[in-house]
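Examining the three-dimensional arrangement
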Amino acid sequence: MFHEFDGARMGHVTGLRREGDAADRVLTATDFADAAAEIAEWEGYAPTPLFGLDGLAGALGLAKVLYKDEGPRFGLGSFKALGGAYAALLVLRREIAAALGRPVSPAEVREGRHAELASRITLVTATDGNHGRSLAWGCRRFGAACRIYIHAGVSGARAEAMRALGAEVIRIDGNYDDSVRLSREEAEANGWFAVSDTSWPGYIETPRDVMAGYGVMVKEVSDALDRPPTHASLQAGVGGLAAAVAAGLRQHWGEASPRIVVVEPELAACLFESARAGGMTDIRIEEETLMAGLSCGEPSALAWEVLAEEAGDFLTVPESLVGPAMRLLARPLEHDPAIEAGESAVAGLAALIVAARSEDMRQRLGLDGESRVLLIGSEGATDPESYVAIMGGKN
C-alpha cells in the first residue's frame, strides 16, 4: 500500500524555535478577525471541508489525520482565493481613500460605490498560478485592472485561467523569483500597485494582508475542533501559508498549539536551507518542481519571522512522492473520502506518510498513537491536464 513512500529520503532540520512574539505581532488577532469578517461577506463564501482520514490514520498508527480541502474555495481551486483578492481590496481601499481625502470602508469598494476610481488603478503580481488567479478574480470583482507575470514553467492551463478572469498575463524567461523582480520593477516604474504574497524590505503591508486572508482557514479549522491537533504538516513556498497557519493556531490554542512541521520540495527548499543556516537564505532554483506553487527560492521575510519562532521541524520531500500522494487521496483507503488534490497540495501529506512509517522519523517528530495531524490541502486540480496525467489517464 505504501511501497512508493517506504525508503523515500527526506531532509530534516530541527526548527530554530527562537524566543519572541512574532505569532502575535507579525499578524495580529485584529488582522485575522478583520479578514475573516470581510471575506464572510463575499458572495459565494462557505467554509471548506475538514475531512477526517480515519483509514489513513489507522494505517499509519496515528489517532487522527485531518485534511482541510481548499479545492472548493470560491470556485478558484485553492486557498490563495483568500489572500490575493482580500489584499487587492485593501490596496484599492487605501488608494481610493487617498483620492477622496476621507476614510473608505472595504464594503464601499466591494459594493462598487467607487467603480470609476477603482478602474484607474492597476494591480500587479507574479505567480506560479494560484495567487495570480486570486488577484485576477479580485480585480474583476472590485473593478481594477490586473497584470500578472508568470515564468517559463507555469502551465498554459493556469495562464488561460487568469486570462479568462480578465487579467493581462505576461510570460517571462526565468523562474518565479525572476518574475517577482520584474513585476516589482515594472510596478514601480509605471505607478502600478504590487499585490505580492512575498515581502521585501519596505514592502510589508500588502503581504501581511495576504497572510491575514489565509487566517480564514485557521478559523474554520479551529471552530470545527474541540481540541487542538498535536501536529500541523504544512507545505511551503515563500512561507506565507505556513506562517499564517502557525500564527493563527498559536493565537487560538496558545500553549496547546500544535507542533509545526514545514515541508518543501527538495528542488525548492529555501526555508529548509534558512533553518539549516540559522537565518533567512535565498537559493537558486535549478530545476522546476512538479509542485509548481511551491517553486520558490527566496523566502518571505515576513513569513520567516514567524517560522523562525514557531516551526519545530523543516522537511524536504522528493518529486517521486507527488503522484503517489495525489493518487492515495483520489483512491483512498476504505471509508475515507475521495479527494481531488493538485500537485502543490500534497507535500505535507507525503512527508507525514514517510515519517509515520519510519521509527527514526516518528521519534524525531514526536509522532505516536495519540497524534492528531492537521494537513492543509492547499489546492484542487488547478491544472486538469496535469492531474489526469498523474492519475494515470483516469480522472
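My aim in this report is to walk through the structure given alongside it, one point at a time. (Residues numbered from 1 in each chain as written. Predicted model: local features only at pLDDT ≥ 70, side-chain atom pairs only at ≥ 80, totals over all residues. Heavy atoms only, no water.)

**Concerning the overall build of the protein**
The condition is simple: Note on conventions: DSSP H or I runs of at least 4 residues are helices, E runs of at least 2 residues are strands, and numbering of each starts at the N terminus. Restricting the calculation to C-alpha atoms gives the radius of gyration, and the globule rule supplies 2.2 Å times the number of residues raised to the power 0.38. Only the protein chains shown count as cover for residues, and the accessible areas themselves come from Shrake-Rupley with a 1.4 Å probe. In this tally, Lys and Arg are treated as positive and Asp and Glu as negative; His is ignored, and so are the chain termini. One atom stands in for each charge, and that atom is NZ of Lys, CZ of Arg, CG of Asp or CD of Glu.
Across its full length, the protein carries 17 helices and 11 strands. The globule rule puts the C-alpha radius of gyration for 395 residues at 21 Å, and the 20 Å found for the protein is close to it. Each principal axis of the C-alpha distribution contributes one length, and for the protein these read about 60 × 45 × 40 Å. With the model as given, the accessible surface of the protein reaches about 14,800 Å², and the carbon-plus-sulfur share is 48%. A distance of 2 Å separates the average location of the 37 positive side-chain charges in the protein from that of its 57 negative side-chain charges.

**A short note on the state of the cysteines**
Applied cut-off: Two cysteine sulfurs form what is called a disulfide whenever their separation falls within 2.5 Å. Each residue gets one of three labels from its accessible area relative to the maximum for its type: buried under 20%, exposed over 50%, partly exposed in between, using a 1.4 Å probe on protein chains only.
This model, assessed by the stated rule, comprises 0 disulfides. The cysteine C139 is free of any disulfide, with C146 supplying the nearest cysteine sulfur at 4.0 Å. In this structure C139 comes out as buried when scored by relative accessible area, which is 2%.

**Concerning the nonpolar core**
Cut-off, in case you're wondering: Remark: nonpolar core denotes a set of buried residues (Ala, Val, Leu, Ile, Met, Phe, Trp, Tyr, Cys) joined through side-chain atoms within 4.5 Å.
Grouped together as the largest cluster of nonpolar side chains are 86 residues, with contacts concentrated most on W42, L123, V262, L307 and F314. Sorting elements by how many residues they give to this core places helix α4 (residues 84–100) first, with 10 residues. V263, I339, V354 and L365 belong to the second-largest nonpolar core, a separate cluster that totals 44 residues.

**Here's the deal with the pattern of salt bridges**
This is how the line gets drawn: Criterion for a salt bridge: a side-chain nitrogen of Lys or Arg within 4 Å of a carboxyl oxygen of Asp or Glu.
Per the counting criterion, the structure on display carries 29 salt bridges. Note that R184 and E188 form a salt bridge whose closest N and O atoms lie 3.6 Å from each other. Of this pair, R184 and E188 both sit in helix α9 (residues 176–190), separated by 4 residues, roughly a single helical turn. Residue classification places R184 among the partly exposed positions, given a relative accessible area of 31%.

**Comments concerning the side chain of K68**
This is how the line gets drawn: Note on contacts: a residue pair qualifies if any of its non-hydrogen atoms lie within 4.5 Å across the two residues.
Relative to the assigned elements, K68 resides in strand β3 (residues 64–69). Sequence-distant contacts of K68, defined by excluding residues within four places in its chain, comprise T48, P49, L50, R73, M217, E220, V221, L375, I376 and G377.

**A few points about the pairing of β3**
Operational definition: Two strands form a pair only when DSSP identifies at least two bridges running between them.
With respect to burial, β3 is a largely interior element, 5 of its 6 residues being buried. Across 3 bridges, strand β2 (residues 50–52) lies against β3 in antiparallel orientation. Along β3, the bridge assignment pairs L50 with K68. Sheet topology places β3 next to strand β11 (residues 372–377); 6 bridges connect them, and they run parallel. Paired with D69 across the bridge in β11 is G377.

**Details of the side chain of R147**
The residue R147 is located in strand β5 (residues 145–150) in this model. Judged by relative accessible area, which is 13%, R147 ranks as buried. Excluding residues that lie within four positions of it along the chain, R147 makes contacts with T122, L123, V124, T125, E168, I170, E186 and W192.

**What to know about the pairing of strand β9 (residues 259–265)**
Inclusion rule: Assignment of crossover handedness uses the view with strands pointing away from the viewer, where a clockwise path from the first strand over the helix to the second indicates a right-handed crossover.
Counting buried positions along β9 gives 6 out of 7 residues, so the element sits mostly inside the fold. Looking at chain direction, strand β8 (residues 231–235) and β9 are connected through 5 bridges and run parallel. Within β9, the residue paired with Q235 across the bridge is V263. Crossover connection from β8 via helix α11 (residues 240–253) to parallel β9: handedness right-handed. Bridge analysis of β9 against strand β10 (residues 311–317) gives 6 bridges, and the strand direction is parallel. Opposite P265, over in β10, you have V317 as the bridge partner.

**Some remarks on the sheet that holds strand β7 (residues 193–194)**
The following threshold applies: Throughout, an axis means a line fitted to C-alpha atoms (over the contacting stretch in the case of helices), and angles, computed between N-to-C directions, take values from 0 to 180 degrees.
Reading across the sheet, the 4 strands line up as β6-β5-β4-β7 and stay open at both edges, with parallel pairing between neighbours. This sheet does not close on itself; its edge strands, each paired only once, are β6 (168–171) and β7. Running over the sheet, helix α8 (residues 156–163) touches β4 (122–127), β5 and β6 and is turned about 150 degrees from β6.

**What about the sheet that holds β2?**
Across the sheet, which stays open at both edges, the 7 strands sit in the order β1-β10-β9-β8-β11-β3-β2 with mixed pairing between neighbours. Unpaired on one side and paired on the other, β1 (11–14) and β2 mark the two borders of the sheet. Mean inter-strand twist for the sheet, computed between neighbouring axes without regard to direction, equals 20 degrees. The strands touched by helix α10 (residues 205–224) within the sheet are β2, β3 and β11, with β3 carrying the most contacts at an inclination of about 140 degrees. Each of β9 and β10 is contacted by helix α13 (residues 301–310), which is oriented at about 110 degrees to β10, the strand it contacts most.

**Description of the packing of α4 against α10**
Put simply, the rule is: Convention used here: angles under 35 degrees read as roughly parallel, angles over 145 as roughly antiparallel, angles from 65 to 115 as roughly perpendicular, and any remaining angle as oblique. Crossing handedness is defined as follows: a turn of the near helix away from the far one that is anticlockwise and smaller than a right angle gives a left-handed crossing, while the clockwise case is right-handed. The classification used treats Ala, Val, Leu, Ile, Met, Phe, Trp, Tyr, Cys and Pro as nonpolar, Asp, Glu, Lys and Arg as charged, and all other residues, Gly among them, as polar.
For the pair α4 and α10, interaxial distance at closest approach is 7 Å and the crossing angle is 135 degrees. Judged on the interaxial angle alone, α10 and α4 are oblique. The handedness of the crossing between α4 and α10 comes out as right-handed. Only E205, T206, D209, V210, A212 and G213 of α10 make contact with α4, whose side of the interface consists of G84, Y86, A87, L90, V91 and R94. Its residues placed into classes, the contact of α4 with α10 shows 6 nonpolar, 3 polar and 3 charged.

**Brief notes about helix α15 (residues 347–356)**
Along α15, 10 of the 10 residues are buried, which leaves the element largely enclosed by surrounding structure. Within α15, the full set of buried residues consists of A347, G348, L349, A350, A351, L352, I353, V354, A355 and A356.

**Thoughts on the packing of aromatic side chains**
For clarity, the threshold we go by: Between rings of Phe, Tyr and Trp, where Trp is taken as its six-membered ring, a pair exists when centres lie within 6.5 Å; planes separated by under 30 degrees are stacked, by over 60 edge-to-face, and by other angles tilted.
Under the counting rule described, the total for this entry stands at 9 aromatic pairs. Ring centres of W42 and W137 lie 5.8 Å apart, and the angle between their planes is 65 degrees; this geometry places the pair in the edge-to-face category. Highlighted residues: W42 in the loop between α2 (29–39) and β2 and W137 in helix α7 (residues 130–142), separated in sequence by 95 residues. Taken as a pair, W42 and W137 share a single burial class, namely buried. Cluster of aromatic residues (ring-pair linked, three or more members): W42, Y45, F74, W137 and F142.

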